[in-house]
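Each chain is listed here by its residues.
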Amino acid sequence: MSDIYEIYAIHYGHHDRKAHENFLGGDPHEDGDMPLDYFVWAIVSESRTFVLDTGFAPDMAQKRGRQLIRPVHEGLAAIGVDPAAVDDVILSHMHYDHAGNLPLFPTARFHIQDAEMEYVTGRCMCHGVLRGAFEAEHVAQMVHNVFDGRVQFHEGVSVLAPGVTLHKVGGHTKGLQVTRVKTRRGWVVLASDAAHLYANIERNHPFPVVVDVDDYLEAFTTIRKLASSEAHVVPGHDPLVLARYPLAKAGLAGVVRLDAEPKA
Ligand SMILES: [Zn+2]
Ligand SMILES: [Zn+2]
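Keep in mind the model is a prediction, meaning the values are calculated, not measured.

### So, the pattern of salt bridges
In step 1: In total, this model carries 11 salt bridges according to the counting rule given.
In step 2: Note that arginine 257 and glutamate 6 form a salt bridge whose closest N and O atoms lie 3.6 Å from each other. Here arginine 257, found in strand 13 (residues 255–257), pairs with glutamate 6, found in strand 1 (residues 6–15); they are 251 residues apart in sequence, far enough to count as distant.
In step 3: According to the relative accessible area criterion, arginine 257 is buried, its value standing at 16%.
In step 4: Using a relative accessible area of 29% as the deciding quantity, one classes glutamate 6 as partly exposed.
In step 5: The residue aspartate 259 makes a salt bridge to arginine 257 at a minimum N-O spacing of 2.8 Å.
In step 6: Residues participating in the shared-partner salt-bridge network are Glu6, Arg184, Arg257 and Asp259.

### Considerations on the packing of aromatic side chains
In step 1: Applying the stated criterion across every chain, the model contains 8 aromatic pairs.
In step 2: Geometrically, the ring pair formed by phenylalanine 56 and tyrosine 96 is stacked, given 5.9 Å between the ring centres and 15° between the ring planes. You can see phenylalanine 56 sitting in the loop between strand 3 (49–52) and helix 1 (58–64) and its partner tyrosine 96 sitting in the loop between strand 5 (88–90) and strand 6 (109–113), a full 40 residues away along the chain. The burial state of phenylalanine 56 is the same as that of tyrosine 96; both residues are buried.
In step 3: A ring pair is formed by tyrosine 216 and phenylalanine 220, whose centres lie 5.5 Å apart and whose planes are at 70°; its orientation type is edge-to-face. Placement of both tyrosine 216 and phenylalanine 220 in helix 7 (residues 213–226) is noted, with a separation of 4 residues, approximately one turn of the helix. Considered together, tyrosine 216 and phenylalanine 220 belong to a single accessibility category, that of buried residues.

Basis of the calculations
Residues numbered from 1 in each chain as written. Chains lettered and ligands numbered in written order. Predicted model: local features only at pLDDT ≥ 70, side-chain atom pairs only at ≥ 80, totals over all residues. Heavy atoms only, no water. Salt bridge = Lys/Arg side-chain N within 4 Å of Asp/Glu carboxyl O. Helix = DSSP H or I, 4+ residues; strand = E, 2+ residues; numbered from the N terminus. Buried < 20%, exposed > 50% of the residue type's maximum accessible area, 1.4 Å probe, protein only. Phe/Tyr/Trp six-rings, centres within 6.5 Å; stacked < 30°, edge-to-face > 60°.

In short, geometric facts, not functional conclusions.
In structure tokens:
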């Protein structure tokens, strides 16, 4: 059984923002455009498929004023992944743009950190500023999944399979985890919201949605250690990902292969 995986980044959403909105304490004079893209990821070997994060649904795009590029299930289908047949879904964290669409995966086991479930069901959610990027509906669905025996909790570091490991970093949310994947080019780290943009990690400057700045900054160090090189770190929301990595299939815009070498 191979422990070498292919990784697909599937672009499903977009949001226009100004640069200063992407950095904690950002300088409003830095007012150039710096949009965010939204992705889910598929981690695929001969015998296993893991889906990392589940995106947001069309009604959520409307509610939150985000642009839906393609429904998540269509993006997955385009690379031959049937959500109804997926056994394992990793949730990097529970924000609305990472934990929507859960009913698309009726038989999956969901992998999440203890600290994230505690965070989204505990007293921190009494504070509007902390709960703003979460949806009670997604949290309730996950509680039902727990009662249905469909959640596998993780604490810190876990080996999901040879070649796929989870690492709690926190910072952006209490239980944010990054995923490290063995590929033909070495260990790739899917940072999700531990680094929205290449610029966040390159400048060691957090995105403004943060629960613990210390942990957020330490996460940058952890990610660098886990990845084979800085070119093996994939941020969660950067449009440059689509420019740097080759298309998974000719003619299929917005789906790229992260196990391939990036362009410089
Ligand atoms: Zn987030
Ligand atoms: Zn996000």
